[in-house]
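Residues per chain, in single letters:
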2 protein chains.
Amino acid sequence: MKSEIISVGSELLLGNTINTNATFISMKLAELGIDIFYHTVVGDNANRLKDVTKLAISRSDLIIYTGGLGPTKDDLTKEVVSETLGIELELNNIYLKNIKEYFKKKNAKMTENNIKQAYIPKGGKILNNDIGTAPGVFLNRKGKKIVFLPGPPNEMKTMFNNYTVPLLKQENIIKSKVIKTMGIGESSLEELIKDIIANQSNPTIATYAKQGQVEIRVTGKGRSEKEVNQLINPIIDKINKKVGNYIYSYNDESIEEVFFQLLKKNNMTVGFCESCTGGLVSSRFTALADASQVFERGIVAYSNNSKMEELNVNKDTLEAHGPVSEETAREMALGLLNKSNVDIALSTTGIAGPTGGTKTKPLGLVYIGLATKNENYAIKTFFTGDRNSIQRKAANKVFAEGRKYLLKINN
Amino acid sequence: MKSEIISVGSELLLGNTINTNATFISMKLAELGIDIFYHTVVGDNANRLKDVTKLAISRSDLIIYTGGLGPTKDDLTKEVVSETLGIELELNNIYLKNIKEYFKKKNAKMTENNIKQAYIPKGGKILNNDIGTAPGVFLNRKGKKIVFLPGPPNEMKTMFNNYTVPLLKQENIIKSKVIKTMGIGESSLEELIKDIIANQSNPTIATYAKQGQVEIRVTGKGRSEKEVNQLINPIIDKINKKVGNYIYSYNDESIEEVFFQLLKKNNMTVGFCESCTGGLVSSRFTALADASQVFERGIVAYSNNSKMEELNVNKDTLEAHGPVSEETAREMALGLLNKSNVDIALSTTGIAGPTGGTKTKPLGLVYIGLATKNENYAIKTFFTGDRNSIQRKAANKVFAEGRKYLLKINN
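Let me sum up the structure you'll find in this document. Just so you know, these numbers come straight off a predicted model, no measurement behind them.

1. Some thoughts on unusual backbone geometry
Between Asn202(A) and Pro203(A) the backbone carries a cis peptide bond, its omega angle lying at 0°. With respect to the helices and strands, the residue Pro203(A) is situated in the loop between helix H7 (186-197) and strand S10 (204-210). One non-glycine residue, Asp290(A), lies in positive phi territory at about 70°. Assignment of secondary structure puts Asp290(A) in the loop between helix H10 (280-286) and strand S14 (295-301). Unlike most non-glycine residues, Asn312(B) shows phi in positive territory, near 60°. By the element assignment, Asn312(B) lies in the loop between helix H11 (304-311) and helix H12 (315-321).

Okay, here's the thing in C-alpha cells:
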C-alpha cells in the first residue's frame, strides 16, 4: 500500500508551526508496514488543496490529511476534498449531539459554526476525537483509503492511535519493540551493535536519538504475534548482551515510569526537592496517572532562603560550598527526608543557564542528591544544551538515579 | 514570486527526522515577502524526485531543495534535478580545491566520493558551505530560480542566511503579529471578529487553536516595515475592541511569560503551591530564564498530610470540604504566603484524573487560590481533556489569574 500525508494549514507554510504531525504519522505507518512516498504541505486555499488532492488520488492508495477540520471558515479540508472526489457532506446527528453535550458539559456557548464539524462525507466512518470537538473521518472510496485527522497534535495522535491504526492494520503483523537507553550517544551505541544491525532485514533495527536519550527500535514482520516475537526476541537478547548496561526499558516506557513501577513494586514512597529543575521532576512524575500511590510531596527550593527554610540546608554549607555543590544537594535530600515520611528523597541543584556559569561551576553542572534512612549521597553530573535541555536531562538523571538505587537494594 | 520547498530524504518519510528545514526556510521567505505555496517531502528515489521536480517547475518561480547533496550514493538531488531540467554537471576545480583543503585541515582522509560534491550544474552559482563540505547551488533557469541547500540544519541555515538571502531579497516585506487569547473557543472567537476577517486580503487574519488557547495571526505585506505596520495596527485595534478581554499578549508570548513580565514590572515575587498540577506551574515558570528574579519557592502538596504540614491547611477544612474545594485552595495559598515572603501565592487543587471524579466533584474540576497580604480567595474552574490537558489548562489558568490580579492592582 502506497501512502502519502497532506498537511493543510497556512501556519505551516509561514514557518509558524513545525509539521510534527507528518513525522508522527510516518513513524506509525512505518510500524504498520505501510510505505510512505510523499509529504505535502498546502495552505488554507481551496484551489491548491484541490490540485494536491487530485495528484494524491492519482498516485497513492492511502491519503492521510491533517488539519483544517475546525469550525471556522478557513478550515476547509473536508469540504474541498469531498467536492474534489464528488462526495456529498451529510449532517451526522449523532455527532451533532456529541458536540452539543461537549459544550453543555463545558458550560460554554455552542455557536452556529460548530455545526459545520458534524458534517461528514457520505459513507465515511467517524473517528472519535477524545480531546477536542472536530471528528476525524475514515473513507473508503474506489479502493483508495482517505483519512481526515485534526491539526492539533494531541488530538491527532490520540485519534490516530485509538481509532485509525485498527482500521489500517494489514494482514501481516508488524510489531516494534522499543528499547530505551540512557548515558550513551547514538554513534557510540550504533558502533557497539553494528554487527547486529548489519544484514538484518526482518526484524529491522534502527536507532533514534531523542531528547538526550537513544532508542533502539526492533521491528519484525510476520503472520502472527508469536512468529514476530520469535524473530524479535533473539535480537533483543543480542542487543542486551552488548549494551544492557545502558538500557532502562524494553517496552518504550519513560524513565519516570520505570522508576514509578519500581517504587510500587518495593512499596516505597518518594519525594523530590528541586533547585535547577524548578519543579520539572515533580511535574513529570505527577503527569503519570496514579503517581499519588508513591508520591506525596515535592519542594521547589529555588532561592538560598528556601533551601534553608524548607530543607534545613545549613547556612555554612551554602557559604562554604555554594548552592550548586555536592554538599548542598546531599543536605537538600536529607532535609526533605527528615521533614516528610518518604522512603527516598531526591534533589537537584545546578546551573541551567543561560547565565550563571563560571569557570569552576560551568553551565550544565548539576548535582543530584539521594537520601534514605540508610544512606545519603550526591553525584556530580554535567549536561550540554540550552536551559530547557539541561533541565530535562537533569530530570532524566534524577529518575535514573532513583532506579539505580532501587535495583541495588533489590539485589 | 511563488515559491515552494522540496525536502529530499527517506529519513523524513520514515518519521526519523522532523522537517525543521522547511519551517526555517518558510519563516525566512515570509520575512522576505516571498509567497510559499507548498512543501513537499520525497525520499531518496530518482523517479519520484523527477516527478516532484517537473510539477514544481510547472507551478512555482522559486524552488528550494534541501538534502541529498552529500557524498554518498543515495545523495542524488543535484544529479536528478539537473537531468530533469536538461542541465549538465561540471567539475568545479575551485570547489574541488576547497574540499581538498577542508580535509587536509581536519586531518581526515578524503575519499573518492567526496569529489562528487564538486560537480555543479552548468551556469549555477556556488553557495559556500561554512560548516560542512557540500556546496549549495543557486541556479537561474528560464526565469525560474532553483536553489540547492544541504540537509543538515546547521549547514543549511548558515548557507541560507549568509549566501541565499542576499540573492532572494525583494522589494516587499511580510510581517506577522500574533495575538494570544485565553478563555474563549476558536469558533466563538471567530464569530466575534468575523466582520473584521471578512473581505480582508492585506493584512490577512487567521485563528489557530493551540493547547487550549486560540491565537489570532495578522499578516501584512508592504514595501517597508512602516507601511506594513500601518496596515496591521488598525486591524489589531479593531480586534482589540471586540475581544480585548480575552487577549493576554500582542507579541506571541506565553501566558507565563506575560505574568513574569508583570511581576518584574511591579517588583513583586510569586510562589506556587500545587496539588493537581503536581509541579507543572513551577516547572513552566522556571523554564523561563531569569525566573529567579521573581520566584523563590514552590510546594507540591500532593497528599493531605503535605497540605497540612507544608501549607498549614486546617484538618477540619480538609474533612469538611475535602482537598478539592474552594476552602482548601484558599488555605493552601494563604499557607504559602505566610511561610514564605512572597507577595503573591497561587495554589491549585483539583481532579486531573483519569480516576477520582465523582458526581459532585467531576474530573476536570480545579480550584485556583490566590493570596496576598491584602486579600485571599479561590475560584472554581472546570477543564476538559485527558489528565495532561487538564493539568496544562489548569497551569495556564494559574498564570492568567496572577496576571488578572496584577492588572487589577495596577488600575
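2. Some thoughts on the packing of aromatic side chains
Across all of its chains, the model carries 23 aromatic pairs over all chains by this definition. Centroid distance Tyr65(A) to Phe148(A): 5.4 Å. Interplanar angle 25°. Geometry classified as stacked. Taken as a pair, Tyr65(A) in strand S3 (residues 62-66) and Phe148(A) in strand S8 (residues 144-149) lie far apart in primary sequence, 83 residues in all. Exposure class is identical for Tyr65(A) and Phe148(A). Each is buried. Centre to centre, the rings of Phe272(B) and Phe399(B) are 6.0 Å apart; their planes meet at 90°, and the pair counts as edge-to-face. Of this pair, Phe272(B) sits in strand S13 (residues 270-274) while Phe399(B) sits in helix H14 (residues 387-410), and the two are 127 residues apart along the sequence. For Phe399(B), a relative accessible area of 0% corresponds to the buried category. Linked through ring pairs, Phe259(A), Phe260(A), Phe272(A), Phe285(A), Phe295(A), Phe399(A) and Tyr302(B) together constitute an aromatic cluster. The ring of Tyr38(B) has Arg59(B) lying over it, and the distance from NZ or CZ to the ring centre is 3.5 Å.

Parameters at a glance
Numbering of residues starts from 1 in every chain and runs along the sequence as written. Here the convention is simple: chains get letters from A, ligands get numbers from 1, in the order in which they are written. Totals for whole chains, interfaces and linings use every residue, but because this is a predicted model, local features are given only for residues with pLDDT of at least 70 and side-chain atom pairs only at 80 or more, for both listing and counting. The side-chain figures draw on all heavy atoms in the structure; neither hydrogens nor water molecules are used. Put simply, DSSP H or I for four residues or longer makes a helix, DSSP E for two residues or longer makes a strand, and each gets a number counted from the N terminus. Here the aromatic set is Phe, Tyr and Trp, taking the six-membered ring for Trp, and pairing holds for ring centres within 6.5 Å; pairs whose planes are under 30 degrees apart are stacked, those over 60 apart are edge-to-face, and all others are tilted. The rule is simple: take the accessible area with a 1.4 Å probe, protein chains only, and divide by the maximum for that residue type; under 20% is buried, over 50% is exposed, in between is partly exposed. Each ring is checked for a lysine NZ or an arginine CZ that lies within 6 Å of its centre and within 35 degrees of its normal; such an atom marks a charge sitting over the ring.

Note that all results are geometric; they support no functional claim without further evidence.
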